[in-house]
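Per-entry structural report
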Amino acid sequence: MSKYDYSRLQNGSDIRGVAIGGVVGEEVNLDAEAAERIAKGFLYYLVIHTGKPASELTISVGRDPRLSGPALAESFFRALAPYGCRILDAGLCSTPAMFMSTLFEEYRCDGAVMITASHLPFNRNGFKFFDRAGGLNKGDITDILTFAESDSILNSLRPSAKKEPEAIPLLDTYASYLRGLITNGVDNGDNPLSGMKITVDAGNGSGGFFAEKVLSPLGADVSSSQFLDPDGRFPNHAPNPEDKSAMASICQRVKESSSDLGLIFDTDVDRSSAVDENGKEISRNGIVAMAAALIADEYPKTTVVTDSITSRQLTEFLEDDLHLSHLRFKRGYKNVINKAKELNDAGTDCQLAIETSGHAAYKENYFLDDGAYLAVKIVIRAAKLYRQGEGISALIRGLKTPAESTEIRLPIRAEDFSDYGDRIISQLKILFGDGQVKGASLEEPNYEGIRVNFRTPSVNGWMLLRKSLHDPIMPLNIESDDEGGVEEIRKVLRPLLTCWEDLDTGKL
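Residues numbered from 1 in each chain as written. Predicted model: local features only at pLDDT ≥ 70, side-chain atom pairs only at ≥ 80, totals over all residues. Heavy atoms only, no water.

By the definition in use, this model includes 17 aromatic pairs. Between Phe42 and Phe129 the ring centres are 4.5 Å apart and the planes differ by 45°, which places this aromatic pair in the tilted class. Residue Phe42 is found in helix α1 (residues 32-50), and its partner Phe129 is found in strand β6 (residues 124-131); the two are separated by 87 residues along the sequence. We classify Phe42 as buried; its relative accessible area is 1%. Judged by relative accessible area, Phe129 falls into the buried class, the value being 2%. What links up through ring pairs into an aromatic cluster is the set Phe104, Tyr174, Tyr177, Phe209, Phe210 and Phe265. The lysine or arginine in question, Lys377, covers the ring of Tyr362, its NZ or CZ lying 5.2 Å from the ring centre. Here the guanidinium or amino end of Arg451 rests over the ring plane of Trp462, the centre of that ring lying 3.6 Å away. (Phe/Tyr/Trp six-rings, centres within 6.5 Å; stacked < 30°, edge-to-face > 60°. Helix = DSSP H or I, 4+ residues; strand = E, 2+ residues; numbered from the N terminus. Buried < 20%, exposed > 50% of the residue type's maximum accessible area, 1.4 Å probe, protein only. Lys NZ or Arg CZ within 6 Å of the ring centre and 35° of its normal.)

Contact pair helix α7 (residues 208-215) / helix α12 (residues 371-387): the axes reach a minimum separation of 12 Å and the direction vectors enclose 50°. Classified by the interaxial angle, the pair formed by α7 and α12 is oblique. Note on packing geometry: the crossing formed by α7 with α12 is right-handed. Of the residues in α12, those touching α7 at Phe209, Phe210 and Leu215 are Ala372, Ala375, Val376 and Val379. Its residues assigned to classes, the contact of α7 with α12 shows seven nonpolar, no polar and no charged. (Axes fitted to C-alpha atoms, helices over the stretch in contact; angles between N-to-C directions. Parallel < 35°, antiparallel > 145°, perpendicular 65-115°, else oblique. Left-handed = near helix turned anticlockwise from the far one by under 90°. Contact = heavy atoms within 4.5 Å. Nonpolar A, V, L, I, M, F, W, Y, C, P; charged D, E, K, R; others polar.)

A few words now on the sheet that holds strand β22 (residues 473-480). The antiparallel open sheet is built from five strands, whose spatial order is β18-β22-β21-β20-β19. Both outer strands of the open sheet, β18 (404-411) and β19 (440-442), are each paired with one neighbouring strand and no more. Here the average twist between neighbouring strands, direction ignored, is 20°. Pairing analysis gives five bridges linking strand β21 (residues 460-465) to β22, with the strands arranged antiparallel. Residue pairing in the sheet places Met463 in a bridge with Ile478 of β22. Along the sheet, helix α13 (residues 417-433) contacts β19, β20 (450-455), β21 and β22; its crossing angle with β20, the most-contacted strand, is approximately 30°. (Pairing = 2+ DSSP bridges.)

The two faces of the sheet receive side chains in turn, since in a regular strand these alternate between them. Here β20 lies mainly inside the structure; five of its six residues are buried. Across three bridges, the pairing between β19 and β20 is antiparallel. Residue pairing in the sheet places Ala440 in a bridge with Phe454 of β20. Relative to β21, β20 runs antiparallel, the two being bridged by six bridges. Looking across to β21, one finds that Asn453 is bridged to Trp462. Where β20 folds back on β21, the antiparallel hairpin that results is connected by four residues.

A few words on the side chain of Lys334. Note that Lys334 resides in helix α11 (residues 333-345). No salt bridge is formed by the buried Lys334; its nearest oppositely charged neighbour, Asp369, is found at 6.8 Å. Separated by 3.0 Å, the side chain of Lys334 and the backbone oxygen of Gly135 make a polar contact. Sequence-distant contacts of Lys334, defined by excluding residues within four places in its chain, comprise Ser13, Gly135, Leu136 and Asn137. (Lys, Arg positive; Asp, Glu negative; His and termini not counted. Salt bridge = Lys/Arg side-chain N within 4 Å of Asp/Glu carboxyl O. Polar contact = N/O pair within 3.5 Å; in protein donor to acceptor, adjacent residues only side chain to side chain.)

What follows is the structure, given as structure tokens:
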């Protein structure tokens, strides 16, 4: 048996852990032994789900630039080699490219694993798994970790002639695929981006290829790009489009270089956001609006599924300006993707599932959350607008923004934090549902936590209180269309929340 409780490595539909020691309070729990057992657990998962013996499977392995990535990849190779499966080493890669290795004819993998911890600190790492149907779900990850802990299950795998990993140019293959999409979409010869200056910020993650292997060969000037070199220490800023300093950095770069467009990726390139020709960020509600506007003409009246913290103004833009339908659902990229698939299966056309974090998944792209694919669609439209003398900002000109917005994270000190959070939400639903708070009403339907609308002479806004997906925290989002409205809503909430002794309301 393993020395670890592997269930603690599960983070929704991903695996995350501490791979490098030395950080106070964080002990390594994702070492060579854990990686090898998880690799065998994934192999067993593929055997039972494909019906193939291990020796007939093809599995690809890629990684982001994290310092622990090469060692974890070697652990995977070492674990899989004795079973005779074909192992493809993609090296430095992106998460979406790893999924595409199951579809590209050159590879046709039965399964793929990306070694990444997205935007988390340098000492963390983890795994994302794919089969030909897409990214694995939470229940699949639970199964893999259960298999990894079981000696009897792992011992049931049958050894075969040992095979060493084969290096493959997957990122080159993927870049060629993306270039083809742009060339076909812009329809302007071999250099469809000629004359355009595009700034790419890869945050020293895996996304530098987009400037060097996608945009530059098509004629774009990418000389203003920054932090393209992979560096697992992430020395310049967090590789995260939601990070304020990261977004401020690329906005400044676009302004000082007079670029026509800016693009920023997270570490493993499954998320992206943009900057318009004026150096203004297109993120959170803006990137949702942009992603929807890119398909509004092609798919009229389609439904857009988003996470729970989107603004009232975004709904108005999607429904009134773009004439689409908006379903505000739950946080979690797999939640919105699975909801979109569910709608399509039930007969409701849904072409886009997207989180404000920048996870954007189009039906036309296998409902894969792919930051590079979203960037390609933005580049195609930007190139067309450039030829018309306009910038990408024209696409979301009608999107309004709230006067104020904030997010406050309230820690829960109770041991059973999930149950404690449920009790708080249930109590608030009673208080606001009974009309005990003047000018406030419950938003219905609502799929996560409690969302309340406030309409009084001094406040026109809303709040959403929910449980974090994985941590003992209750995020509280507040927006107001009027200056001072956020503080007014906070005043209403303080006496309702400070009475809960195990909820830390110090920042409220």
